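Understanding the architecture of this molecule
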Amino acid sequence: MSILETRPYRWPDEAACERFAQALARCPQIADLSIELDGGLGAGKTSLVRHLLRALGVTGRIKSPSYAVVEDYAPPGLSGLPAHHFDFYRFSDPREWEDAGFRDLFAAPGLKLSEWPEKAAGMLPTPDLRLLLQVNDDDSRDVRAQARTVRGQELLAALDRQLADAADASD
């Protein structure tokens with residue numbers, strides 16, 4: 001997978017992760033996008049997904065799909081398109097992705113959020129965006145956003161505008 005563009009971000013705390021998710025939710029490209037989340041246990045992958053789904057209007061419990069592998073949502077903010085939250089942590093063989101029938105979900109319009117994508121290596125289609133999360137000694141997070149498609153590049157440009165507008169509004 002080639003990387004078309006990369007942006008660094010820093011989340012000093014959970015509130016910064018939430019602001020990032022809210023800015024992401026305001027980007028029009030989010031409705032039909034595939035995002036892979038990469039990082040170790042406790043890096044903030046599921047927290048980001050929860051904040052993003054909340055920002056898109058999901059109410060009620062947002063569960064980690066660790067055992068179910070996928071949780072489906074109908075966020076009001078996606079104008080009728082679904083959101084699928086995948087967690088491939090428990091996969092022992094990437095072919096389990098195919099056996100589970102996920103090809104159809106990934107081919108259909110909607111938001112796809114994938115945790116532990118390396119566990120389904122070689123089976124997942126190229127994501128539009130890959131977020132690499134790293135925990136620092138002070139519990140802050142360094143996030144590297146990699147656009148892997150033109151749609152991912154468009155999202156990064158829109159995200160930068162949303163984050164700048166939010167920063168201007170708070171000044």
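My aim in this report is to walk through the structure given alongside it, one point at a time. It should be emphasised that the depicted structure is a prediction, and the values quoted were computed from it without experimental measurement.

As for the pattern of salt bridges
With the rule as written, the count across this model stands at seven salt bridges. We note a salt bridge from Asp 142 to Arg 10, for which the minimum N-O separation is 2.9 Å. Linking Asp 142 in strand S7 (residues 141–147) with Arg 10 in strand S1 (residues 5–11), this pair joins segments that are 132 residues apart in sequence. A relative accessible area of 26% means that Asp 142 is categorised as partly exposed. Residue class for Arg 10 comes out partly exposed when judged on its relative accessible area of 47%. In this structure, the salt-bridge partner of Lys 112 is Asp 32, at a minimum N-O distance of 3.8 Å.

With respect to the side chain of Lys 45
Tracing the chain through its elements places Lys 45 in helix H2 (residues 45–55). For the buried Lys 45, no salt bridge is present, and the opposite-charge side chain at shortest range is Glu 115, 4.7 Å distant. Among the polar contacts made by the side chain of Lys 45, one reaches the main-chain carbonyl oxygen of Gly 39 at a distance of 2.7 Å. Of the polar contacts made by the side chain of Lys 45, one reaches the backbone oxygen of Gly 40; its length is 2.8 Å. Other than its neighbours up to four places away in sequence, Lys 45 contacts Leu 37, Asp 38, Gly 39, Gly 40, Glu 115, Trp 116 and Leu 133.

Quick notes on helix H1 (residues 14–25)
The end-to-end C-alpha distance of H1 is 17 Å, a good match for the 16 Å that twelve residues give at a rise of 1.5 Å each. Looking at H1, one finds that the buried residues are Ala 16, Cys 17, Phe 20, Ala 21, Ala 23, Leu 24 and Ala 25. Measuring from the side-chain oxygen of the N-cap residue of H1 to the backbone nitrogen of Ala 15 gives 3.3 Å; that N-cap residue is Asp 13.

Concerning the pairing of S7
With respect to burial, S7 is a largely interior element, five of its seven residues being buried. Judged from the seven bridges that link them, S1 and S7 form a sheet pairing that is antiparallel. If you follow Trp 11 over to S7, its bridge partner there is Arg 141. Looking at chain direction, strand S6 (residues 129–135) and S7 are connected through seven bridges and run antiparallel.

Here is what the cut-offs are and how they apply
Residues numbered from 1 in each chain as written. Predicted model: local features only at pLDDT ≥ 70, side-chain atom pairs only at ≥ 80, totals over all residues. Heavy atoms only, no water. Salt bridge = Lys/Arg side-chain N within 4 Å of Asp/Glu carboxyl O. Helix = DSSP H or I, 4+ residues; strand = E, 2+ residues; numbered from the N terminus. Buried < 20%, exposed > 50% of the residue type's maximum accessible area, 1.4 Å probe, protein only. Lys, Arg positive; Asp, Glu negative; His and termini not counted. Polar contact = N/O pair within 3.5 Å; in protein donor to acceptor, adjacent residues only side chain to side chain. Contact = heavy atoms within 4.5 Å. Expected span 1.5 Å × (residues − 1). Pairing = 2+ DSSP bridges.

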